Every structure is written in C-alpha cells, then in structure tokens.
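Given next are the chains, with one letter for each unit.
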Amino acid sequence: MTERREAKMDDAAVEARLKAELPTWRLEDGWIRRTYKTSGWKSTLMVINTVGHLAEAAWHHPDITASYAWVEVRLMNHAAKGITDKDFALAKKIEEVVSWQPGLEGQGLEGTPTDPRFAYIKYEK
C-alpha cells in the first residue's frame, strides 16, 4: 500500500474548516485538538479505546493525552508535516462517535441515563 503525500493546509484554511465543520476542535501548535471531559477513569479509557479503534480502522493515528477525567486527541499528518484532509476526516468520525447521544435522536435507543452513577461523557451543551 503506497501512501500518497497529502497537501498540507495553511492555518487560515484550518481555522475556517474548524469553525465550519468541527467547532469544538481547535488549532494549537500545528495540531488540531479536542479535549473530551469524562466522568472518570473508566469513561476516559472508553474514549481512548474508541479513538484507538477508529484510528486503526482509518490507518491514521492521533496523539492522545489522558488524565483521570479528560482525554485530549491531537491530529496532524506526520508525512505532510501539517494538517490535511485526513486529519479532518478522522476528527469528524471521532467527534461523531464519541459525542453520539442516541437518546436525542428519537430512534428507540435511550442513551446513557442521567443518573450520575452512570455518567460517561460530559457533553457540550
């Protein structure tokens, strides 16, 4: 499998796409980043494993930093030495899966109970 070199985007283009497509993500130090707040260690590990699965399936691997109640995901295309369409594609999939709230869709799935004992992700309001 040969990897074609992706075109790196300039900061203005990255900022514009983040604003339009991924408003909870930010550009910082050459990476697009998102910090997910969790309810504790088990939830943090679930987020890490979810991101890991998506990254492996995409064959595009982010940097991850974690603590007890948060996970930071950082994306940058190492081959291009900057942000590319691959980073946006994976960031969108991560955002879609990690931020999914089935209870809001009205499709029969209840979603995580509001009881704090079952808290998972601290969703953006």
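Here, the structure is the one placed above.
No experiment lies behind these values; they were computed from the predicted model shown.

What counts and how
Residues numbered from 1 in each chain as written. Predicted model: local features only at pLDDT ≥ 70, side-chain atom pairs only at ≥ 80, totals over all residues. Heavy atoms only, no water. Buried < 20%, exposed > 50% of the residue type's maximum accessible area, 1.4 Å probe, protein only. Helix = DSSP H or I, 4+ residues; strand = E, 2+ residues; numbered from the N terminus. Pairing = 2+ DSSP bridges. Core = buried A, V, L, I, M, F, W, Y, C linked by side-chain atoms within 4.5 Å. Contact = heavy atoms within 4.5 Å. Axes fitted to C-alpha atoms, helices over the stretch in contact; angles between N-to-C directions. Left-handed = near helix turned anticlockwise from the far one by under 90°. Nonpolar A, V, L, I, M, F, W, Y, C, P; charged D, E, K, R; others polar. Salt bridge = Lys/Arg side-chain N within 4 Å of Asp/Glu carboxyl O. Expected span 1.5 Å × (residues − 1). Arc of directions from axis to C-beta.

Draft legend 1. Summary view of the pairing of strand β4 (residues 70-75). With five of six residues buried, β4 lies mostly within the body of the structure. Pairing between strand β2 (residues 31-37) and β4: six bridges, direction antiparallel. The residue of β4 that forms the bridge with T35 is E72. Counting the residues in the hairpin turn of strand β3 (residues 63-67) and β4 gives two residues.

Draft legend 2. Region of the structure containing the nonpolar core. V14, L18, W25, I32, V47, I83 and I94 are the most contacted members of the largest nonpolar core, which has 25 residues in total. Taken together, the elements giving at least two residues each to this core come down to α1 (11-21), β2, α2 (41-58), β4 and α3 (85-98). In contact with I32, other than residues within four places in its own chain, are V14, L18, W25, R26, L27, V73, R74, L75, I83, D87, F88 and A91.

Draft legend 3. Just the packing of α2 against α3, in detail. Axis separation between α2 and α3 bottoms out at 10 Å; the angle between their running directions is 140°. The handedness of the crossing between α2 and α3 comes out as right-handed. Judged by residue contacts, V47, T50, V51, L54, A55 and A58 of α2 engage L90, K93, I94, V97 and V98 from α3. The residue makeup of the contact of α2 with α3, split by class, is nine nonpolar, one polar and one charged.

Draft legend 4. Examining the pattern of salt bridges more closely. A complete count under the given rule lists 13 salt bridges for this structure. Measuring nitrogen to oxygen at the nearest pair gives 3.9 Å for the salt bridge that ties R33 to E28. Residue classification places E28 among the partly exposed residues on the basis of a relative accessible area of 33%. A salt bridge links E72 to R33; its shortest N-O distance comes to 3.3 Å. Of this pair, E72 sits in strand β4 while R33 is found in strand β2, placing the two residues 39 residues apart along the sequence. By relative accessible area, E72 is classed as buried at 10%.

Draft legend 5. Region of interest: α2. A rise of 1.5 Å per residue sets the reference length of α2, with its 18 residues, at 26 Å; its end C-alpha atoms lie 26 Å apart and thus fit the reference within 8%. Along α2, the residues that are buried comprise S43, T44, V47, V51, L54 and A55. Across the axial projection of α2, the buried residues extend over an arc of 110°, all falling on one side. Away from the buried face of α2 by more than 90 degrees, exposed residues K42, N49, H53 and A57 are located. Residues of α2 that are buried make contact with β2, β3, β4 and α3.

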